[in-house]
Amino acid sequence: MPLGEPDELENALSHLQCVLVARRALTNPEGVTWQQYDVLELLRIRGPMMPSALSTALGVSRQTISKALRVLKDLGLVGQETAAADRRELTTFLTAEGRSFLARVAHQRRENARTVTAALTPAERALFTELCAKATAAIEALSGDGASLRAASSAPSP
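Residues numbered from 1 in each chain as written. Predicted model: local features only at pLDDT ≥ 70, side-chain atom pairs only at ≥ 80, totals over all residues. Heavy atoms only, no water.

Concerning the packing of aromatic side chains
Formally: Note on aromatic contacts: the rings of Phe and Tyr and the six-membered ring of Trp form a pair at centre separations within 6.5 Å, being stacked when their planes are under 30 degrees apart, edge-to-face when over 60 apart, and tilted otherwise. Note on conventions: DSSP H or I runs of at least 4 residues are helices, E runs of at least 2 residues are strands, and numbering of each starts at the N terminus. Ring-over charges, as used throughout, are those where CZ of Arg or NZ of Lys falls within 6 Å of the ring centre and within 35 degrees of the ring normal.
Applying the stated rule across the entire model yields one aromatic pair. Between W34 and Y37, the aromatic rings sit 6.3 Å apart at their centres with planes inclined by 85°, giving edge-to-face as the arrangement. Residue W34 and its partner Y37 are located together in helix α2 (residues 34-46), separated by three residues, close to a single helical turn. R24 extends its terminal NZ or CZ atom over the ring of W34, reaching a point 4.1 Å from the ring centre. The ring of Y37 is capped by R24, whose NZ or CZ atom sits 5.0 Å from the centre of that ring.

Right, dumping it as structure tokens:
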């Protein structure tokens, strides 16, 4: 196959990604980016956190977290308050609007899962789940970010 020509697997992955992103856009009129969504999910999973801890957990710079938090605060999805131990530090937390946003996105994700469940036999679902995990691990290994992503994804859903 000539270099640059996608094969069937690449086309299938690309198409699935397009469909999932389009479905997610339906429940995201706020325009929350993937990085901002990761911040929200981490706050949901771990509870209130300092920006420095968010930056470390997500593997991004403090400046990048600050920009994401500014947008999320403007949207009313997160709030911040002065930390009791060090009044120079802020603790970031999900607001009721932030929890509502995540619940809406989770509902869409569950609807997608129900649709796929109905389309596949139990054996196909088991195989699809296994193959998704294997593909995800291989892709995460490319950048070495698998450990932090697996920790976030292994937490219970809302």
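Focus on α2
Note on helix geometry: an α-helix contains 3.6 residues per turn, so any two residues three or four positions apart are oriented the same way. Operational definition: In this analysis, the expected span of each helix is defined as 1.5 Å times one less than the number of residues it contains. Relative accessibility thresholds used throughout: buried, under 20% of the residue-type maximum; exposed, over 50%; partly exposed, between the two (1.4 Å probe, protein chains only). Whether two residues are in contact is decided by their heavy atoms: any pair within 4.5 Å suffices.
Look at α2: 18 Å from first C-alpha to last across 13 residues, which is about the 18 Å you get at 1.5 Å a residue. Those residues of α2 that sit buried are Q36, Y37, V39, L40, E41, L42, L43 and R44. For α2, the elements touching its buried residues are α1 (8-26), α3 (51-58), α4 (62-74), β1 (78-82), β2 (90-94) and α5 (96-119). One or two residues past the end of α2 sits G47, with phi positive at roughly 85°.

Structural notes on the side chain of T95
The cut-off we apply is this: Each polar contact in these results corresponds to two N or O atoms within 3.5 Å; when the atoms are within protein, one needs to be able to donate a hydrogen and the other to accept it, and residues that are neighboring in sequence are counted only if both atoms are side-chain atoms.
Along the polypeptide, T95 turns up in the loop between β2 and α5. Here the side chain of T95 touches G76 through a polar contact of 2.5 Å, landing on its backbone oxygen. Discounting residues that sit within four places of it in the chain, T95 has contacts with G76, L77, V78 and G79.

Re the pattern of salt bridges
Which entries qualify depends on this criterion: The term salt bridge refers to a pairing of a side-chain nitrogen on Lys or Arg with a carboxyl oxygen on Asp or Glu at a separation within 4 Å.
In this structure the tally under the stated criterion is three salt bridges. Between R44 and E41 there is a salt bridge whose closest N-O contact spans 3.0 Å. Of this pair, R44 and E41 both sit in helix α2, separated by three residues, roughly a single helical turn. You can call E41 buried: its relative accessible area is 14%.

Some words on the nonpolar core
Rule in force here: What is meant by a nonpolar core is a set of buried Ala, Val, Leu, Ile, Met, Phe, Trp, Tyr and Cys residues, joined one to another through side-chain atoms within 4.5 Å.
Membership of the largest hydrophobic core comes to 19 residues, with the highest contact counts inside it found for V39, L40, L43, L54, V78 and F101. Elements supplying a minimum of two residues to this core: α2, α3, α4 and α5. Once residues lying within four places of it in the same chain are set aside, the contact partners of L54 are V39, L42, L43, M49, I65, L69 and T92.

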